[in-house]
Each structure stands twice: as C-alpha cells, then as structure tokens.
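# Observations on the model geometry
Spelled out from the first residue to the last, the chains are:
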Amino acid sequence: MSLSDKISARVQAVPRSGIREFFELVLAAGDVISLGVGEPDFCSPWHIREAAIFSLEKGQTSYTSNLGLLELRKSIAKYVAAKFHVQYQPTTEVLVTVGVSEALDLAFRALLNPGEEVIYHEPCYVSYNPSIYMAYGTPVTVETKIEDDFALRASDVEKAITPKTKIIMLNFPTNPTGGVQPKAELEGIADLAKQHDLIVITDEIYSELLYDDREHHSIAALPGMKERTILMHGFSKAFAMTGFRLGYACSPPELTEAMMKVHQYSMLCAPITAQIAAVEALENGAGPVEKMRKAYWHRRNLVVSELNAAGLSCFQPGGAFYAFPEIRSTGLSSREFAQRLLEEEKVAVVPGTAFGTAGEGFVRCCYATDDQNLATALGRIKAFAGRHRVS
Ligand code: PLP
C-alpha cells in the first residue's frame, strides 16, 4: 500500500511553503544569522504574559463561547472602532480565531464554491494561494511592482475581474514588500467591489507598524464597504504575540455566522489563556507597541541605507518589518542568492519567489532582529554583494 496515494489530490498538489523548505537548509547550516522568519525578536510584553499567568493561577482553563470571550470581543470592537473607524457589534460581528491564519482559512471555506476566483496581489504572504486552493477556490494574482512602490493599482485589479470573481484579498502594509496602499487606489478597488458585487478580505496584521507619519486606511472604513468586507487582524506582529496564536475577523453578521460554523466544528474556540492575554494587550498595550514600532523604524532606516550602499537597490518600505531588496545586480536568481549567501556568509534571507513568481529578482530580509545581529548580517551581505556584482 502506498500511503502517498491516499493523500487527497489537492493536498498532494500544494507544495510546502518555500520559507519552511528554505529554513531546513538554514537549520542544517548551523550558526546562521537569520533575517528569515517574519517574527518579532521581542518577547510579548510582560504585562500581557502576566495576565496569561494570572488567569492560569485563577484556574481559567475552560472552553469559551465559539465566538470568543465576550469581554475580548468588546475590547476588539472598541480597538477597531478607534483604529480603523468602523463600528462592529461584539455579539454578532466579531469572531476570535487562532491567528489570522485560521481567519483566512475560515473565510475561504465559508465563502467559496468550487472554481470561484479570489484576486490577490503578489508578491504576498505564502498562505493565500494554498488556503484558497484547499478551499476549492481559484487563486488569481495581480502583480504589484517596485515602480509603483508595491501598491496595488485598481486598474490592474479591474483587468483581473471575471464573472467567477468572488473575493478581492488585500494586505497592506504587505508581507514581504512593506508596501502600503495609497487611499486613492483603495477607493478605486472599493468602487470595483461595489460595482461587481464582490467581497473584500483585508488582512490588517501589520497596520500598527507604519513609518514616517503615515496614516493607515482600511478599505472597511470606506463608504458602503463595511457591509461587504471581512477585516482580519491579530496579535502576532505588533504585540509580539506569535506563540499565543490569536487573531480575529470582523464582518457583517451573516459572514460571521458562516465562519463561526466552520470554526465551531474545526477549532471549537481559541485558547482561553491567549484570549485573556489579548484583552490585556488591547486595553493596556499601546505603550509597548509604540516602543517596538520605533525600534523597527530605526532598523528599517539602517537596513534600507545599508542595502542600497551594498548595491542592492532597496525600496523604502512604509510599513511591516521587511526589506525587499532587488538582487539583479549580482546576476543570481533569488534562490541562488539566498542559497549562496547562506553557504558563503551564514546569513539567511528568503528568496522572493517564496512569495510568488512576481518575487523573482528580490529577497526578503526581516529586520525584526536585534541591532547587533542586524549590523553583522548587513556587513556580510555587503561583502557578498560586492563579490558577486556583475552590473
Ligand atoms: N497574514 C500575514 C500577511 C502574515 O505575514 C502572517 C504571518 O507572517 C499572517 C497573516 C499569519 O498571522 P497569525 O500569526 O495571526 O496567524
């Protein structure tokens, strides 16, 4: 009996994440400075950890409502109203999930019939394509380009719309480019969604991490959009809570109910300890978030100027904690660059192609790592780029 033959055709067809695959090489190389995984180097702020510990001491170890603790849903609604200027009802329009990862899976499974299309921009987070595909949807990509500062043009989205399009998926600031979306293009996309009666999913996971006094605009806040948008957010990045595995989706009651059904039968609820910690994060976490944001901002400035000085032309990202330098001056492909940098200099970056074919010619450097490591890694990248420069 071949067990591989027993795996569903769809799961067989999905490749492993390009990031994870590359990181097996990193582990094998040993003693490497990693600018690879997109995870804050900061530990979750102490007051958040303390709230989690205290809840355990008090014996709060039960299931919660499928939607999540009402206290947390109220805090989420308050936070989202203040930050994104959209009002959601905690009782019917907020669903607490196991990270944005689960929220994405729930939304695609709740909404898609086989063959319906989801338009999203590429280079993008590695999960979008497989999550859509495993929910029997059809992924449709629109390329964002360096000459547009990796913003998504509404006119490009319009060209990708077909009678099968059901969802437009957005992520700004973007993983892996750090690109942000100008309000005018967001308005253009909102008009298209209304005109073609489409649902919009907006992944706002990096929205606190904006630089140079930029203001964040969520498509959910534009006129006529709340009623067709699922706003997703979580605690992993800005609050440095990746291991708590907590996120949420805010959407009209019908969509929340549909996602809740999938969540109820697959996850039941998010862990109570993480939910209690998240209330603390939302109610009292602004100070630590701002401190971390400032640290990322300093690092962004350093990374971008050093990469440019190394001859790796680097766009100035407006948000998130990634730099996405162009590596064409070395004549290497993204994968070759990452592999050889690892072998020759023991520095790990992620090939741009892990984020879709539009990422060829680029690598992603995550600067959520401590200043000393970052300085050493940049020195090594400079030496490597100098040795391999062909143009
Ligand atoms: N969305 C984007 C754009 C991400 O970059 C990530 C993680 O890297 C996620 C979602 C997953 O977030 P979570 O930890 O909340 O599942």
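See the structure printed just above.
The present account deals with the structure reproduced in this document. Within every chain, residues take consecutive numbers counted from 1 along the sequence as written. Local features in this predicted model are restricted to residues whose pLDDT is 70 or higher, and side-chain atom pairs enter the listing and the counts only when it is 80 or higher, whereas totals over whole chains, interfaces and linings include all residues. Derived side-chain values reflect all non-hydrogen atoms in the structure, with water molecules and hydrogen atoms excluded from consideration.

Further remarks concern the site of the ligand. What surrounds the ligand is a group of 13 residues, the closest being Ser101, Asn175, Asp203, Ser236 and Lys237. At 2.7 Å from an oxygen atom of the ligand is found a main-chain nitrogen or oxygen belonging to valine 100. The contact in question runs from an oxygen atom of the ligand to an N or O atom on the side chain of arginine 245, over 2.8 Å. Here the ligand has 400 Å² of accessible area as a free molecule, and 93% of this is covered by the chains. The helix count covers DSSP runs of H or I at least four residues long, the strand count covers runs of E at least two residues long, and both are numbered beginning at the N terminus. Per-element tally for the shell around the ligand: the top contributor is helix α5 (residues 99–111), with three residues. Any residue with at least one heavy atom within 4 Å of a molecule or strand is counted as near it. Here a polar contact is recorded for every N or O atom pair within 3.5 Å, except that within protein the pair must consist of a potential hydrogen donor and a potential acceptor, and residues adjacent in sequence are included only if both atoms are side-chain atoms. Per-residue and other accessible areas follow the Shrake-Rupley method at a 1.4 Å probe size, with only the shown protein chains counted as cover for residues.

To continue, consider the nonpolar core. The biggest cluster of nonpolar side chains holds 107 residues, and the ones touching the most others in it are Phe108, Phe239 and Val349. For this core, the element with the most residues is α5, which contributes seven residues. No fewer than three residues from each of domain 1 (3–44 + 287–388) and domain 2 (60–285) sit in this core. Whether two residues are in contact is decided by their heavy atoms: any pair within 4.5 Å suffices. In contact with phenylalanine 239, other than residues within four places in its own chain, are Ser44, Pro45, Ile48, Tyr79, Glu208, Ala281, Leu282, Gly285, Val289 and Met292. Val142, Ile168, Ile189 and Ile219 belong to the second largest nonpolar core, which has 21 residues in total. Within this scheme, the nonpolar core is defined by two criteria: the residues are buried Ala, Val, Leu, Ile, Met, Phe, Trp, Tyr or Cys, and they are joined through side-chain atoms within 4.5 Å. Under the scheme applied here, a residue whose accessible area is under 20% of the maximum for its type counts as buried, over 50% as exposed, and between as partly exposed, the area being computed with a 1.4 Å probe on protein chains only. In this entry, domain limits derive from an automatic or database-based domain assignment.

Attention shifts here to the side chain of histidine 121. As for its placement among the helices and strands, histidine 121 is situated in strand β3 (residues 117–122). At 2.9 Å, the side chain of histidine 121 and the backbone nitrogen of asparagine 171 are in polar contact. Setting aside anything within four residues of it in sequence, one finds histidine 121 in contact with Val142, Thr144, Leu152, Met169, Leu170, Asn171, Phe172 and Thr174.

Our focus in this paragraph is the pairing of strand β7 (residues 229–234). In summary, the side chains of a regular strand alternate between the two faces of the sheet. Burial runs high along β7: six of the six residues are buried. Burial of β7 is two-sided: the residues Thr229, Leu231 and His233 facing one way and the residues Ile230, Met232 and Gly234 facing the other way are all buried. Here four bridges tie strand β6 (residues 199–203) to β7, and the two strands are oriented parallel to one another. When the bridges of β7 are listed, threonine 202 appears paired with leucine 231. Strand pairing is assigned whenever DSSP identifies at least 2 bridges connecting the two strands. Sheet topology note: the β7/strand β8 (residues 247–250) ladder contains four bridges and is antiparallel. By the bridge assignment for β8, histidine 233 is matched with tyrosine 248.

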